[in-house]
Amino acid sequence: MTNKNSKVEFLPRSHFQELIEHLQQAGYTCVGPQVHEHAIHYAELAHADFLPQGMSEEQSPGQYRLHEAGHDRYFAWANGPQALKPLLFTPREALWQSSNNCEDNASLCFKELIPEQRPLAVIGARACDLAALYIHDKHFLQHGYRDPYYLARRKNMLLIAVNCTHPADTCFCASTGDGPRATYGYDLLLNELDDGFIIESHSEKGVAIQTQLNLQAAEASQLEQANDAVEQAAARQTRGLPAQNLSQPLLDNLHHPHWEEVAQRCLSCGNCTAVCPTCFCHSELDEPVLDGSHSVHYRQWDSCFCQKHSYIHGMTIRDTAGLRYRQWMTHKLGSWHEQFGRSGCVGCGRCITWCPVGIDITEEAKVICSGDQHD
Amino acid sequence: MATDKNIKPKVAVHKFSSCDGCQLAFLNMGENLLTLSTLVDITHFAEAGPVDEDTPVEIAFIEGSLASPDDLERIKHIRSNSRFVVSIGACATSGGVQALRNMANTKDWIAAVYASPEYIHSLDCSTPISDHIKVDLELWGCPVSSWQMLQAVRSLLFGAKPEVLNDKVCQECKRQQHVCVLVAKGEPCMGPVTRTGCGAICPAMGRACYSCYGPAEMVNPESLNQRFLGLGLLSSEASRRFLFINSGAPEFHKQGLKCKPASSDDGNLDG
Ligand code: SF4
Ligand code: SF4
Ligand code: SF4
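What counts, and at which threshold
- Every chain begins its residue count from 1, and numbering advances along the sequence as written.
- Starting at A for chains and at 1 for ligands, labels are handed out in the order in which the entities are written.
- Whole-chain, interface and lining totals are the exception, using all residues; otherwise, since this is a predicted model, local features are given only for residues with pLDDT of at least 70 and side-chain atom pairs are given and counted only at 80 or more.
- Side-chain figures throughout are based on the complete set of non-hydrogen atoms in the structure, without hydrogens or water.
- These domain limits were set by an automatic method or by a database of domain assignments.
- Between two residues, a contact is recorded if the distance between any of their heavy atoms is within 4.5 Å.
- We define buried area as the total accessible area lost by two parts upon association, computed with a 1.4 Å probe and summed across both.
- A pairing counts as a salt bridge when a side-chain nitrogen of Lys or Arg comes within 4 Å of a carboxyl oxygen of Asp or Glu.
- Only Asp, Glu, Lys and Arg are considered charged in this grouping, and only Ala, Val, Leu, Ile, Met, Phe, Trp, Tyr, Cys and Pro are considered nonpolar; every other residue, Gly among them, is considered polar.
- For this description, a residue counts as near a given molecule or strand if any of its non-hydrogen atoms is within 4 Å of it.
- Numbering of helices and strands runs from the N terminus; a helix is a DSSP stretch of H or I covering at least four residues, while a strand is a stretch of E covering at least two.
- Our working definition of a disulfide is a cysteine sulfur pair at a distance within 2.5 Å.
- Think of it in three bands: residues with accessible area under 20% of the maximum for their type are buried, residues over 50% are exposed, and the middle band is partly exposed, with areas taken using a 1.4 Å probe on protein chains only.
- Only C-alpha atoms enter the line fits that serve as axes; for helices the fit covers just the stretch in contact. Angles between N-to-C directions range over 0 to 180 degrees.
- For classification, angles of less than 35 degrees are called roughly parallel, those exceeding 145 degrees roughly antiparallel, those between 65 and 115 degrees roughly perpendicular, and all remaining angles oblique.
- Nitrogen and oxygen atoms within 3.5 Å of one another constitute a polar contact, given that in protein one can donate a hydrogen and the other can accept it, and given that sequence-neighbouring residues count only through two side-chain atoms.
- In this analysis, strands are considered paired if DSSP registers two or more bridges between them.
- Any two rings among Phe, Tyr and Trp, with Trp reduced to its six-membered ring, count as a pair given centres within 6.5 Å; such a pair is stacked if its planes are under 30 degrees apart, edge-to-face if over 60, and tilted if neither.
- As a reminder, the over-ring test applies to NZ of lysine and CZ of arginine, requiring each to be within 6 Å of the ring centre and within 35 degrees of the ring normal.

A. Here's a closer look at the domain arrangement of chain B. Residue and element names in this part refer to chain B. On domain assignment, one finds that chain B holds domain 1 (10-164) and domain 2 (169-253). The gap between the C-alpha centroids of domain 1 and domain 2 is 25 Å. Each partner contributes residues to the interface: domain 1 has 15 residues there, and domain 2 has 14 residues. Of the roughly 1,100 Å² buried between domain 1 and domain 2, counting both surfaces, carbon and sulfur atoms make up 61%. For the domain 1 face of the interface with domain 2, the top three residues by lost area are Met 103, Trp 140 and Cys 142, together amounting to 43%. For the pair domain 1 and domain 2, the interface holds zero salt bridges. Classifying every residue of the side of domain 1 that touches domain 2 gives ten nonpolar, five polar and no charged.

Structural data, given as structure tokens:
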């Protein structure tokens with residue numbers, strides 16, 4: 001919801017750098033989309049010149065191709081492999097250290113390694129990622145069990161959302177109800193037009209930045225254009241899940257032959273879980289130094305497609321690709337409802353694009369939930 | 001490893017058919033090599049100096065594949081002298097790049113390469129250590145990394161079971177936030193069937209993994225091969241992705257032979 005002090009204004013593209021400078025002056029390190037290793041990637045952003053101006057991309061199952069599209073826009077593309085997840089739930093981080101060199105002559109002592117985090121301003125967050133962030137906030141910051149590592153990064157983060165105008169063929173946020181329009185969870189919101197941006201604030205922090213900018217009043221025709229673009233973005237999406245809550249159809253089809261059909265193609269590589277903005281599984285490991293004097297305890301991203309994820313003493317519970325894929329889908333689209341009150345899928349389509357063999361969650365869910373071949 | 005604090009555990013590093021690259025993972029440890037020398041007593045390590053294959057040791061590291069009749073005797077002797085046998089590198093764990101000859105006629109090519117073939121005593125096949133003796137721990141890689149060696153030594157010194165990495169390279173690649181070279185560039189990357197441990201160094205350089213760490217757990221080479229064909233590789237090119245550094249690993253061997261067309265002219269792979 002728009003903050004009551006917020007105005008809906010126009011920021012010419014030629015003045016975008018001023019937004020970055022005001023954020024920097026307010027103490028934020030800016031993070032924004034940039035071209036990196038043939039994809040659009042989020043990284044520290046020093047200047048508007050590094051934004052992916054003129055770039056667009058094509059995505060299909062198992063394929064992503066970036067190209068120069070010959071326009072002036074900064075955000076005329078749909079999400080690349082990552083956005084907010086790695087900034088908050090980092091792929092690998094030290095949790096604590098144990099040592100046998102202790103001050104009080106104890107034989108063993110422990111030290112928590114909470115990160116020092118500079119306040120980040122993330123420019124370009126999409127609706128699907130904000131929906132995923134809401135789920136991660138619920139997971140990592142639930143009452144009584146707040147994760148101090150996640151919290152240290154989350155608490156000072158400023159989010160500048162951009163409404164999507166160029167969904168990929170793999171995007172299906174309209175069907176999950178999570179996009180392409182961002183409706184919550186951000187401080188500032190941008191709608192991109194040919195010559196600039198409609199800008200509005202949705203928090204005190206956002207208003208504080210917006211009021212410092214030299215902006216023009218937004219005209220009714222500009223607002224209309226912006227609105228049409230997002231509506232068209234939703235209309236262009238062709239993929240979708242059969243329903244928002246698939247708990248029951250999935251439970252009814254636990255022995256559907258299609259699980260085995262997917263297993264023939266699935267590599268159990270876990271790329272889908274690594275790019276999924278809502279997956280949060282991790283494993284923990286210790287790295288002692290060679291002389292044995294201290295050891296650092298890490299957590300790192302793990303996946304239900306890895307063997308150790310379902311290993312209990314003496315046995316691996318999910319020892320086939322079919323069981324692993326089933327675990328993933330029935331959790332994400334099924335039992336997630338019980339756990340978080342909604343589906344674990346925000347329709348970002350990343351698992352479709354970044355699956356090396358192009359397995360498509362929307363297609364597989366359709367077949368399995370239809371129960372057609374129920375045995 | 002329950003040991004008296006004052007008695008340093010003995011360690012040996014043995015070499016069989018190999019390029020010595022894995023032994024360098026010890027020698028390239030830098031400061032850790034000095035620390036290691038205070039923690040253990042290295043009784044045999046020909047490349048670094050000490051030679052004594054007879055003293056019983058706590059840990060024997062084995063580099064190289066078994067390729068000659070003498071090797072078969074030596075490895076039995078080492079096993080009987082060692083508490084833990086750790087095979088290191090592609091040669092010792094899968095037969096190495098030299099296992100490519102397992103698919104050819106050894107006699108023919110020995111005759112073609114050597115002026116006096118009668119001096120060459122090679123077995124028909126280059127095989128991994130575990131084909132011949134019980135191996136307690138396998139560290140894959142061509143070469144293994146110093147990090148793997150340090151973790152294994154430290155765990156054994158603590159008396160703990162060393163962590164065996166068996167996930168796919170994709171896991172580490174994604175943790176390091178690299179963009180998938182298969183999806184974004186159409187490179188025939190072996191990451192989805194390859195064991196992690198290298199730190200995803202090839203994708204980090206924008207190139208496809210060629211599986212120097214061998215097969216991960218529960219791989220699906222058939223599906224990945226299908227994807228390679230979809231990227232435009234000929235089936236002989238796809239088969240070479242599997243029949244390379246770890247051609248002796250059963251999962252890769254089977255897939256490589258399956259997709260190699262009979263008419264292909266790339267050497268005598270079928271023997
Ligand atoms: S399951 Fe796939 S489409 Fe859904 S949120 Fe995760 S990555 Fe995106
Ligand atoms: S899934 Fe929706 S919100 Fe996310 S990038 Fe695609 S169009 Fe934008
Ligand atoms: S669905 Fe695709 S990305 Fe996920 S584990 Fe299987 S092959 Fe890998």
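B. Looking closely at the domain arrangement of chain A. Residues and elements named next belong to chain A. Each assigned domain of chain A is listed here: domain 1 (9-90 + 114-235) and domain 2 (247-283 + 302-370). On a C-alpha basis, the centroid separation for the pair domain 1 and domain 2 is 28 Å. Residue-level contacts link 29 residues of domain 1 with 27 residues of domain 2. Together, the buried faces of domain 1 and domain 2 total about 2,200 Å²; carbon and sulfur atoms form 61% of this surface.

C. Representation of the site of ligand 1 within the structure. All names here are of chain A. Surveying the vicinity of ligand 1 reveals 13 residues, the closest of which are Cys 276, Cys 345, Cys 348, Gly 349 and Cys 351. If you list the elements that add at least two residues to the shell around ligand 1, you get helix H11 (321-340) and helix H12 (350-353). Of the residues that constitute the shell around ligand 1, the class distribution is nine nonpolar, two polar and two charged.

D. Up close: the state of the cysteines. Residues and elements named next belong to chain A. Taken as a whole and judged by the stated rule, the model has one disulfide over all chains. What pairs with Cys 102 in a disulfide is Cys 109, and their sulfur atoms sit 2.2 Å apart. Residues Cys 102 and Cys 109 share a disulfide whose torsion about the S-S bond is about -95°; that sign makes it left-handed. Unpaired in terms of disulfides, Cys 306 finds its nearest cysteine sulfur in Cys 304, a separation of 8.4 Å. Given the relative accessible area of 3%, Cys 306 is considered buried. Summary of cysteine pairing: Cys 369 is not part of a disulfide, and the nearest cysteine sulfur, belonging to Cys 345, is at 12 Å.

E. Representation of the site of ligand 3 in the model. Close to ligand 3 lie 13 residues, the nearest being Cys 266, Leu 267, Cys 269, Cys 272 and Cys 355 of chain A. Of the residues belonging to the shell around ligand 3, the class tally is ten nonpolar, three polar and no charged.

F. The arrangement of unusual backbone geometry in detail. Residue Pro 180 of chain A is bonded to the preceding Gly 179 of chain A through a cis peptide linkage, with omega at 0°. The topology assignment puts Pro 180 of chain A in the loop between helix H5 (173-176) and strand E10 (188-192). Backbone torsion omega between Cys 142 of chain B and Pro 143 of chain B reads -5°, so that peptide bond is classified as cis. Within the element layout of this structure, Pro 143 of chain B appears in the loop between strand E5 (137-139) and helix H6 (146-158). Positive phi, close to 80°, is recorded for Asp 20 of chain B, a residue that is not glycine.

G. Just the packing of helix H11 (residues 235-242) of chain B against helix H12 (residues 250-259) of chain B, in detail. Residues and elements named next belong to chain B. H12 packs onto H11 with a crossing angle of 170° between their chain directions and a minimal axis gap of 8 Å. Comparing their axes, H12 and H11 come out roughly antiparallel. Across from Ser 235, Ser 236, Ala 238, Ser 239 and Phe 242 in H11, the residues of H12 making contact are Phe 252, Gln 255, Gly 256 and Cys 259. Across the contact of H11 with H12, the residue classes tally to four nonpolar, five polar and no charged.

H. Looking closely at the interface of chain B and chain A. Taken together, the contact between chain B and chain A spans 37 residues of the former and 48 residues of the latter. Linking chain B to chain A there are two salt bridges. Measuring nitrogen to oxygen at the nearest pair gives 3.2 Å for the salt bridge that ties Lys 308 of chain A to Glu 163 of chain B. Run the count over chain B and chain A and you get 24 residue pairs in polar contact (both at pLDDT 80 or more). At the level of elements, helix H2 (31-39), H6, helix H7 (169-175), helix H8 (181-185) and helix H10 (221-230) of chain B are the ones that each hand at least two residues to the side of chain B that touches chain A. When residues of the side of chain B that touches chain A are assigned to their parent elements, the largest contribution, six residues, is made by H6 of chain B. By residue class, the composition of the side of chain B that touches chain A is 18 nonpolar, ten polar and nine charged.

I. Up close: the sheet that holds strand E6 (residues 92-99) of chain A. Residue and element names in this part refer to chain A. Taking strand neighbours across the sheet as the criterion, the four strands line up as E7-E6-E14-E13 in an open arrangement whose pairing is antiparallel. Edge strands, defined here as strands with exactly one partner in the open sheet, are strand E7 (109-112) and strand E13 (282-288). Averaged over neighbouring strand pairs, the angle between their axes works out to 25° when direction is ignored.

J. Spatial organisation of the packing of aromatic side chains. Enumeration according to the criterion identifies 25 aromatic pairs over all chains in this entry. Between Phe 16 of chain A and Phe 197 of chain A, the aromatic rings sit 5.0 Å apart at their centres with planes inclined by 50°, giving tilted as the arrangement. Linking Phe 16 of chain A in helix H1 (residues 16-25) with Phe 197 of chain A in strand E11 (residues 196-201), this pair joins segments that are 181 residues apart in sequence. The pair formed by Phe 16 of chain A and Phe 197 of chain A is uniform in burial state, with each residue classed as buried. Put simply, the rings of Phe 16, Tyr 74, Phe 75, Trp 77 and Phe 197 of chain A pair up and form one aromatic cluster. The cationic tip of Arg 74 of chain B hangs over the ring face of Phe 16 of chain B; the distance from NZ or CZ to the ring centre is 3.9 Å. Over the face of the ring belonging to Phe 158 of chain B we find Arg 154 of chain B, whose NZ or CZ atom lies 3.8 Å from the ring centre.

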